[in-house]
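Structure at a glance
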Amino acid sequence: MKLTVVGCSPAWPNPGGAQSGYLVEGPQRLLLDCGPGVLAKLRQRDGDWPQVDAIVITHWHLDHWGDLVPWVWGTMAGPGRDAEKVTLWLPPEGIVRLRDFGARLGWEEMWESAFELREYEEEEPFEAAGMQVRALRVPHYTLRTYGLRVTNGARSLAYSGDSGPSERLAELAEGADLFLCEATLARGELDGQPRGHLAADEAVAAFEASGARRLLLTHRPHELPLDGGLEQARDGLQLEI
Ligand SMILES: [Zn+2]
Ligand SMILES: [Zn+2]
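Keep in mind that this is a model prediction, so the values were computed, not measured.

What counts and how
- Residues numbered from 1 in each chain as written.
- Chains lettered and ligands numbered in written order.
- Predicted model: local features only at pLDDT ≥ 70, side-chain atom pairs only at ≥ 80, totals over all residues.
- Heavy atoms only, no water.
- Donors = N, O, S within 2.8 Å, 3.2 Å for Na, K, Ca; no water.
- Tetrahedral: all angles 85-135°; square planar, octahedral: opposite > 155°, others 65-115°.
- Helix = DSSP H or I, 4+ residues; strand = E, 2+ residues; numbered from the N terminus.
- Buried < 20%, exposed > 50% of the residue type's maximum accessible area, 1.4 Å probe, protein only.

In a perfect tetrahedron of four donors around a metal, the angles come out at 109.5 degrees. In a perfect octahedron of six, they are 90 or 180 degrees. Summarising the metal site, the zinc ion (ligand 1) is bound by the protein donors D63 (OD), H64 (NE2), D162 (OD) and H219 (NE2), whose distances to it range over 2.1 to 2.2 Å. Coordination at the zinc ion (ligand 1) comes from four donor atoms whose angles at the metal span 88 to 158 degrees, giving a geometry best classed as irregular. Spacing between the donor residues of the zinc ion (ligand 1) along the chain follows D-H-x97-D-x56-H. The distance between the zinc ion (ligand 1) and the zinc ion (ligand 2) is 3.6 Å, with D162 acting as a donor to both metals. One end of the pair, H64, is in the loop between β4 (54–56) and α2 (68–77); the other, D162, is in the loop between β10 (156–159) and α4 (167–172), with 98 residues separating them in the sequence. No difference in accessibility class separates H64 from D162, as the two residues are buried.

Every protein donor of the zinc ion (ligand 2) is listed here as H59 (NE2), H61 (ND1), H140 (NE2) and D162 (OD), and their distances to the metal cover 2.1 to 2.3 Å. Bound by four donor atoms, the zinc ion (ligand 2) shows angles of 86 to 163 degrees at the metal and therefore irregular coordination geometry. Within one chain, the residues serving as donors to the zinc ion (ligand 2) are arranged as H-x1-H-x78-H-x21-D.

Written out as structure tokens, the structure is:
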């Protein structure tokens, strides 16, 4: 199983960066989130149009799904014209939500030209791009948000999505080969209430509680460099899991 960090910026882009997008190959290709800038990076890597079998969206903040919009236009009128439809897994009630966005950005059914729409259910394993995925709800202000656990049977990856401190993170990442965990904040006390993000020390605490093998911190503003010894995502980073 291979992870490529396509984009790892927080809610605003780091210099030259893309927002959330993580490509898991195991061996089919699964994209976790699809924020602004992700499509450009995938095209840079794949040539004409990205070869992706499925996409899973963790929540409806734009930095995690915004590039679904140009994905549609590129499929309808651009180089994705002949591409196979991508299976797009959305949070519960996501199809209605996406169609509502469609009515404002184009038209309701625009998504169907590029994607086969599916909704996952909380804690209910589903298969995407030949891998097993399970979505666990995590606390992110008042927005319904999920962390994802992905396995190809041999290896496993946990992705926090955007999350405040929670025991669910340790559950999500329990024994995983890699825990891709957000570390957005300089300090936890700078967060809003209810909590929605983690500081690096809180991400480390969740990692230690989980028993996961390796921690990769992400969704980190460029303005907040990490202390030494912690492994941090950067756009283009590739890891064998
Ligand atoms: Zn985010
Ligand atoms: Zn968010």
